[in-house]
Amino acid sequence: MRHTAIYPGSFDPVTNGHLDVIGRAARLFDRVVVAVAFNELKQPLFAPEERIELLQQATAGLPGVEVTAFRGLLVDFARECQAGVVVRGLRAISDFEFEFQMALMNRKLHPELETCFLTPKEELTYLSSRLIKEIARLGGPVDAFVPAPAARALRAKFARPA
Ligand code: PNS
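A brief look at the structure comes next.

What counts as what
- Residues numbered from 1 in each chain as written.
- Predicted model: local features only at pLDDT ≥ 70, side-chain atom pairs only at ≥ 80, totals over all residues.
- Heavy atoms only, no water.
- Pairing = 2+ DSSP bridges.
- Helix = DSSP H or I, 4+ residues; strand = E, 2+ residues; numbered from the N terminus.
- Right-handed = clockwise from strand over helix to strand, strands pointing away.
- Near = heavy atom within 4 Å.
- Polar contact = N/O pair within 3.5 Å; in protein donor to acceptor, adjacent residues only side chain to side chain.
- Areas by Shrake-Rupley, 256 points an atom, 1.4 Å probe, with all protein chains shown as cover.
- Nonpolar A, V, L, I, M, F, W, Y, C, P; charged D, E, K, R; others polar.
- Core = buried A, V, L, I, M, F, W, Y, C linked by side-chain atoms within 4.5 Å.
- Buried < 20%, exposed > 50% of the residue type's maximum accessible area, 1.4 Å probe, protein only.
- Contact = heavy atoms within 4.5 Å.

## Looking at the pairing of strand 3 (residues 65-70)
Part 1 of the reasoning: By the bridge criterion, six bridges tie strand 2 (residues 31-37) to strand 3 in an arrangement that is parallel. Within strand 3, the residue paired with A35 across the bridge is T68.
Part 2 of the reasoning: Once you follow strand 2 into helix 2 (residues 48-59) and on to strand 3, the crossover reads as right-handed.

## Side note on the site of the ligand
Part 1 of the reasoning: Lining the immediate surroundings of the ligand are 13 residues, of which S10, A37, K42, L74 and R88 lie closest.
Part 2 of the reasoning: Contact distances for the ligand include 3.0 Å between an oxygen atom and a side-chain N or O atom of K42.
Part 3 of the reasoning: Here R88 contributes a side-chain N or O atom positioned 2.9 Å from an oxygen atom of the ligand.
Part 4 of the reasoning: Taking 550 Å² as the accessible area of the ligand by itself, protein coverage stands at 73%.
Part 5 of the reasoning: Breaking the shell around the ligand down by element, the ones donating at least two residues are strand 1 (4-9) and helix 4 (93-109).
Part 6 of the reasoning: Take the shell around the ligand: its biggest share by element is three residues, from helix 4.
Part 7 of the reasoning: Tallied by class, the residues present in the shell around the ligand amount to seven nonpolar, four polar and two charged.

## Some details on the nonpolar core
Part 1 of the reasoning: Core analysis: the largest hydrophobic core is formed by 33 residues, its most contacted members being Y7, V34, L55, V87, V142 and V146.
Part 2 of the reasoning: For this core, the secondary structure elements donating two or more residues are strand 1, helix 1 (16-28), strand 2, helix 2, strand 3, strand 4 (85-89), helix 5 (129-137) and helix 6 (148-157).
Part 3 of the reasoning: Excluding residues within four positions of it along the chain, V34 makes contact with Y7, F11, I22, L55, V65, E66, V67 and T68.
Part 4 of the reasoning: Membership of the second largest hydrophobic core comes to 12 residues, among which are I6, V33, F77 and A83.

Here it is, written out as structure tokens:
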């Protein structure tokens, strides 16, 4: 049996922290489906297609990793992918409360689906897409925080007309 894990998120945009978690998941599972969530209630900076493209560029060459998007409930998409595990990154205690609640809710909805928390490298735990977007919006350097294509995409989004 192939063990499939799903790694859902907003990925607006992908950061080096996400990539670290994807690499760890790829070493643990045969197939890792990185799933960009469509959320009509959120106003992302990048369209889902852009987020998928940036993730695909960043994960090219990682064996067993696929990138896609989904609408609706994660548990339904996990069934569709035949995934038995949801991977989520935990950076700090502050992430835990929400992640714990989500894991338990997902378990109520789909008792066979396990949530597996992976911690990124310590030096990446301060990264967040929200802060990185703020830095880029204010003209700061983001190259150390995201893969090169995402850094270029951020600069292009916030480029000031000459
Ligand atoms: O990167 P994020 O924004 O922290 O990811 C949150 C995400 C996409 C994993 C979560 O919002 C989600 O699973 N959305 C899909 C809809 C759903 O299943 N909601 C109920 C979760 S208990």
